[in-house]
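A structural walkthrough
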Amino acid sequence: MKTRHRLIAAGIALAFTAGAAGSVQAQDFPNKSVDYVIPFGPGGESDISARLQQPHFKEMYGEDLVISYKPGGGGAVGWSQLNSSDGDGYTIMGINLPHIVIQPATKDVGYTTDDVTGIYWFHYTPDAIVVPADSDFQSLQDLIDYAKENPGKVTMSGSGKGTANHLASIRFDEMADINTTYVPFKGTGAAVTALLGNQVMAEWGYTTVGAQQGDKVRMLAVAMEERHPSFPDVPTFKELGFDLVGGAYRGVAVPKDTPEELRQKWSDIIGSINSDEKFKQQMLDGGFALIDVPYDEVPAFMEKRKAEYLKAAKSAGIVD
């Protein structure tokens, strides 16, 4: 009995010591540069977001946020290696939705959705239907009317099979009771090129396309709760009677053995950057829409998104 008591006491002492150490670690954090891994190549929206977060982190803590890249497999190469990094708080990685839900649901990509420890979702690029500026489609209703009269003939470029805009296209066709043809390309840039080159009639893109292409394009609707401040004349799908809100979400994850105190610390850091007025304006100017999903709200957020994505992916025959 005495031996059992000694073991229990030792266990409590170890747990207390670990907790105390974690608290001290979190209080002193960060005291050196942090490696911020983007699981894509440079120049994309994940990289742009990280570059905008970088100076605010430096200003807040006097330490560098060092951005590096681990491209491959649409992000899968980086996410499959996330948990092999030290969980000391000095490695974080960008994460994206629907990627971390759809990729492991379709095949073995070296990680599962539950392997990814998200600590904050900070923004999204809202889905949007975009047409060339000289298109006959002046409104979303114009496109719907044409699609009803010509099933399958409205061709729409997109950034790829299983992406946020592909899943949005499936949901919208069901809501509007139309049948359009989604043409997958390798990324948003190629989908925009196809649109501007009149290879397709419209694009399932994002609000960032409107921000970057300006007068060359016209957005017919955006998938937001309210109109995007940078595009006050573009209606939301909800205004037009379609309950479609979403897009490509971006957040930050840490290796799985990162202590709870440091996970919460990172959640607070990203939240602080997100609340900075200059940062907010930079995001809006770029066509992004800010959201705030801190660490304690991540599980509920993920469950909701998983249900939506998997339902749409099954409708499209992407997953069983």
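For every chain, the first residue of its written sequence is number 1, and the numbers climb from 1 along that sequence. Local features are withheld for residues below a pLDDT of 70 in this predicted model, meaning they are given only at 70 or higher, and side-chain atom pairs are given and counted only at 80 or more; totals for whole chains, interfaces and linings count all residues. Computation of side-chain values: all heavy atoms of the structure, hydrogens and water removed.

If you look the protein chain up in an unreviewed UniProt entry, it shows as Tripartite-type tricarboxylate transporter receptor subunit TctC from Amorphus orientalis. UniProt positions are given in the numbering used here, feature names are shortened, and annotations may be inferred rather than shown by experiment. According to UniProt, the comment filed for the protein chain under the heading Sequence similarities (unreviewed entry) is "Belongs to the UPF0065 (bug) family."

This brings us to the environment of G62. Secondary structure elements follow DSSP: runs of H or I of four or more residues count as helices, runs of E of two or more count as strands, with numbering from the N terminus. Here G62 lies in the loop between helix 2 (45-61) and strand 2 (65-69). The spacing of G62 and L52 is ten residues in sequence and 16 Å in space, taken between C-alpha atoms.

It helps to recall that an α-helix has 3.6 residues per turn; residues three or four apart then point in one direction. Helix span, expected: 1.5 Å multiplied by one less than the number of residues in the helix. Helix length check: helix 2 (17 residues) gives 24 Å between terminal C-alpha atoms against 24 Å at 1.5 Å per residue, within 8%. Note on exposure labels: buried denotes an accessible area under 20% of the residue type's maximum, exposed denotes more than 50%, and partly exposed covers the range between, all computed with a 1.4 Å probe on protein chains only. By the burial criterion, the buried members of helix 2 are E45, S46, D47, S49, A50, L52, Q53, H56 and F57. Following helix 2 by one or two positions, G62 has its phi on the positive side, about 70°.

Moving on to the pairing of strand 7 (residues 202-206). Counting buried residues along strand 7, five of its five residues qualify, which places the element largely inside the surrounding structure. Of the pairings in the sheet, the one linking strand 5 (residues 155-158) to strand 7 comprises two bridges and is parallel in character. Looking at strand 7, one finds that M156 is bridged to A202. If DSSP finds at least two bridges between two strands, the strands pair.

As a further point, take the nonpolar core. Formed by 44 residues in total, the largest nonpolar core has its most connected members in L97, I100, W121, L167 and Y249. Broken down by element, this core gets its largest block of residues, six residues, from helix 11 (residues 298-315). In what follows, residue pairs with any heavy atoms lying within 4.5 Å of each other are defined as contacts. Ignoring anything within four residues of it in the chain, the contact list for I100 reads W79, Y111, T113, V116, W121 and M302. Residues belong to one nonpolar core when they are buried, are Ala, Val, Leu, Ile, Met, Phe, Trp, Tyr or Cys, and are joined through side-chain atoms within 4.5 Å. Membership of the second largest hydrophobic core comes to 25 residues, among which are V34, F122, L262 and I270.

Before going further, it helps to spend a moment on unusual backbone geometry. The step from F29 to P30 runs through a cis peptide bond, and the omega angle for that step is -5°. For P30, the position within the fold is in the loop between helix 1 (2-27) and strand 1 (34-38). A cis amide bond links L97 to the next residue, P98, at an omega of 10°. Relative to the helices and strands, P98 is located in the loop between strand 3 (91-97) and helix 4 (99-106). Despite not being glycine, D177 has its phi angle at roughly 55°, a positive value.

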